[in-house]
Structures are given as C-alpha cells and as structure tokens.
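# Working through the structure, step by step
The primary structure of each chain is shown beneath.
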Amino acid sequence: MTDQPHGTLHVFHAFEAARAIDLDAAERRVRGAGRAGLAAGDRNVGGADIEPPPLRLAVACPAVACGGLASGATAQVTVFDFGALSVRLDLPLTADRDGLPALARAAVGSAALHDAARRAAQEALDAIGPAAERPALAARAEDYAVFALPPAGTDPRTGLPDALLARTLRAEDGERSPEEVRDATAAAVSYGPGDLAVVDWNCAVVVDRRPEEALAVLEFANVELVEMRFLDDRLDRALDEAHRTAADSLRGPRILAVQTIRHSRRIAELQLDAAGLYESVNNALKLFGDQWLARLHGAATRRLRIEDYERSVLRKLEALDSVYGKLRDRQVQVRAEILEWIIIALIAVEIVLFLK
C-alpha cells in the first residue's frame with residue numbers, strides 16, 4: 001500500500017537553556033526571527049495562544065540520516081520566555097504507512113538527531129546573546145516524535161489500524177497484545193470527521209491537512225515536560241542543601257548557627273526561582289474557549305505524565321517552604337539568645353564599674 005503524499009516526521013527536542021529570555025531583545029538581534037503563536041481560525045475560534053508568543057528562528061543544520069530518511073537543511077528553533085528552547089527537525093516520509101513503527105523506533109532516542117538538535121539549540125542561544133539571562137544549555141533534553149500525515153480518505157484512520165498505531169506510538173516492532181493496543185491508542189482527539197490526533201509517551205500520530213495547531217500544542221507539552229523535570233531535579237538539590245543547612249544549624253555552639261543566614265538566603269532564592277518558573281510554564285498556554293486544543297493538550301499532559309511531575313514539584317516546594325520556615329525560626333531564636341547574652345554582658349560591665 002502506498003499513500004501520496006506521505007507526510008512528515010517532526011522530531012522535537014526541548015532544552016532548558018537560560019533562567020529567562022527577553023523575547024523582544026532576542027527578536028531584534030536575530031534577522032528573520034518572528035513570533036510563533038497559535039493561528040486563529042475556524043478551529044481556534046477562542047483565540048487560544050501561548051503568552052507571550054514564543055520566538056521562532058531558522059538555523060542551518062546539516063542533514064541527519066535516520067531510519068532511511070534524512071532531515072532537511074534547516075532546524076526550526078522555538079524560544080520561550082521562561083528559558084526553554086525547542087528544536088524541530090523535519091524528515092519527509094518516503095515509505096508507506098506500514099513502515100511507521102520502524103521509523104519511530106529509529107527516531108525516538110536517536111543520538112544523531114539529539115546531537116544535531118543540540119548544535120542548533122546552542123547556535124540559537126549564541127545568536128540571541130545577552131537577551132538570555134544566565135544562558136547554559138542543559139545536558140538533558142526531551143525528544144518527541146510526531147508523524148504528521150495527510151488523510152488517505154474521508155476516514156482519518158484509513159491505512160492506520162489500531163495495531164499499527166500502537167506499534168508506532170510505542171516505537172516498538174512486533175505485535176502487541178489487545179490490552180497494549182487499547183492503552184496505546186486510548187488518547188485520541190478529533191476536531192472534525194477528517195482529522196485525528198493520537199498521543200502517547202514516545203510520539204504522536206496526527207492525521208490532518210493542517211496540522212500546525214496540533215504540532216504547536218504537542219511541542220509545548222514536550223517543553224512543559226523538560227521544564228518540570230528540570231525543576232524537579234533542581235528542587236531535589238535545593239532540598240538536600242536545605243536539610244544539610246538545617247542539620248548544621250542544630251550542631252555545635254548556638255552562636256555558630258548565625259552562619260546559616262547566608263545559606264537561608266540561598267534557599268529562599270531557589271524557592272522563589274522555582275515558584276516563578278512553575279508559574280511561568282503553567283500560565284503560558286492560554287486555551288480558554290478552545291475545547292479542541294484543550295482536549296489535545298490534556299491528552300498530551302496525561303500521556304507525558306506532566307501532572308505527576310507538577311504534583312511532585314508542588315510537594316517539594318511545600319517541603320522547601322517548611323524547611324526554610326524552620327531555619328527562619330532558628331535564626332530568630334539564635335538572635336534572641338545573642339541579644340540576651342549581650343544584655344547580661346552589659347549588666348555585668350555596669351556592676352563592675354559601679355563596684356570600682
């Protein structure tokens with residue numbers, strides 16, 4: 001079976017790249033860059049968008065071979081104000097749909113695609129220069145593959161039986177059990193009778209003549225995942241530091257606990273930065289009034305386990321606040337004790353002077 005045209009495999013790589021990015025300043029620095037929001041139209045009637053609209057720029061990228069395909073000579077880099085970069089590599093499909101599982105297996109976790117995306121992200125970060133606050137491209141990236149296919153008929157599932165979809169979404173060869181097939185294909189979202197988006201952890205399959213909105217939402221979900229994982233790891237380190245500081249404040253002479261003030265300030269800064277990043281990421285995508293995009297984003301959020309990471313981040317923020325509160329109480333106690341000793345010393349000096 002051969003379908004024409006075949007479609008495109010879009011591979012996204014999301015990176016944590018800076019504490020924050022001034023998109024206006026970055027746009028002025030990079031020629032040809034422009035804002036990349038969600039297009040308003042007959043689907044996006046509610047005017048859903050990403051706020052502020054991210055910046056998109058094209059970066060020259062050598063072709064990368066993957067699964068018998070080759071990426072184009074340009075990588076699309078999307079820059080978000082909260083410090084994340086998303087790199088999209090496009091690989092035109094040349095095989096029929098029966099070959100999708102093998103392509104997914106080759107693309108998901110591909111070291112060659114990751115290296116190419118990382119080079120493009122670093123080039124984009126260098127191009128925006130001082131518009132990025134504390135730039136540092138993280139070693140970890142999240143990749144996500146999206147097969148954007150044109151409809152093969154009036155039914156978007158034509159040529160895409162559930163068994164084939166399941167193997168593609170799980171990026172695995174071989175037959176799956178009926179239970180595995182049902183689970184892999186459970187997160188399916190449609191706007192009209194001629195389109196379909198099926199979302200899973202490794203990748204998604206989008207059958208649509210105009211897949212741009214779906215691609216933008218899935219790209220953002222992948223960015224959310226990398227930001228939540230980055231934030232979760234950062235809070236782990238902050239909690240370790242907070243626990244060590246709290247333990248040190250209880251050991252040795254009480255007056256030495258004054259040294260924890262500097263560490264407490266550091267913990268407070270981490271707490272504020274983490275809370276700010278969490279709010280920035282979660283408030284960026286505005287889907288009010290657009291049920292189709294909201295359902296698609298909800299499916300991606302569940303499949304990528306973003307909600308689990310969000311709950312973990314919130315728990316750790318609460319734990320960090322609790323430890324920081326105990327450190328503040330300890331500082332107040334130490335200051336009160338020091339003040340008492342100073343008063344005792346002054347009284348002793350007055351008594352000595354009086355006796356003389």
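Rules used throughout
- Residues numbered from 1 in each chain as written.
- Predicted model: local features only at pLDDT ≥ 70, side-chain atom pairs only at ≥ 80, totals over all residues.
- Heavy atoms only, no water.
- Core = buried A, V, L, I, M, F, W, Y, C linked by side-chain atoms within 4.5 Å.
- Buried < 20%, exposed > 50% of the residue type's maximum accessible area, 1.4 Å probe, protein only.
- Helix = DSSP H or I, 4+ residues; strand = E, 2+ residues; numbered from the N terminus.
- Contact = heavy atoms within 4.5 Å.
- Pairing = 2+ DSSP bridges.
- Axes fitted to C-alpha atoms, helices over the stretch in contact; angles between N-to-C directions.
- 1 Å grid on protein atoms, 1.4 Å probe; cavity = no way out; pocket = protein on both sides within 12 Å on 5 of 7 lines; lining within 4 Å.
- Points joined across faces, edges and corners; volume = space filled by probe spheres on them.
- Nonpolar A, V, L, I, M, F, W, Y, C, P; charged D, E, K, R; others polar.
- Phe/Tyr/Trp six-rings, centres within 6.5 Å; stacked < 30°, edge-to-face > 60°.

Counting 55 residues, the largest nonpolar core has Ile 21, Leu 57, Val 77, Val 79, Leu 85, Ile 128 and Phe 147 as the members making the most contacts within it. If you tally residues by element for this core, the top one is helix α3 (residues 111-128), at 8 residues. Leave out the neighbours within four places in its chain, and Val 79 touches Ile 21, Leu 23, Pro 54, Leu 55, Leu 57, Ala 84, Leu 85 and Ile 128. Counting residues in each nonpolar core, the second largest holds 51 residues, with Val 206, Met 228, Tyr 278 and Leu 296 among its members.

Sheet strands associate in pairs through backbone hydrogen bonding, adopting either a parallel or an antiparallel arrangement. Strands sit in the order β3-β5-β8-β9-β1-β11-β14-β13-β12 across an open sheet of 9 strands; the sheet is mixed. Edge positions in the open sheet fall to β3 (34-35) and β12 (188-189), since each of these has one partner strand only. Bridge analysis of strand β13 (residues 196-199) against strand β14 (residues 203-207) gives 4 bridges, and the strand direction is antiparallel. Counted as the bridge partner of Ala 197 is Val 206 from β14. Sheet strands touched by helix α4 (residues 162-169): β11 (141-149), β13 and β14. Its angle to β14, the strand with the most contacts, is close to 135 degrees.

Our focus in this paragraph is the layout of surface pockets. Here the largest pocket defines a volume of roughly 310 Å³. Taken together, 14 residues make up the lining of the largest pocket; nearest its centre are Glu 16, Ala 18, Arg 19, Ala 20 and Arg 234. Secondary structure elements with two or more residues in the lining of the largest pocket: α6 (212-249) and α7 (260-284). Sort the elements by how many residues they give to the lining of the largest pocket and α7 lands first, with 4 residues. In the lining of the largest pocket, the residues fall into 6 nonpolar, 2 polar and 6 charged.

Right, let's get into the packing of aromatic side chains. Counting across every chain of the model gives 4 aromatic pairs. Within the aromatic cluster, the residues linked to one another by ring pairs are Phe 80, Phe 82 and Phe 220.

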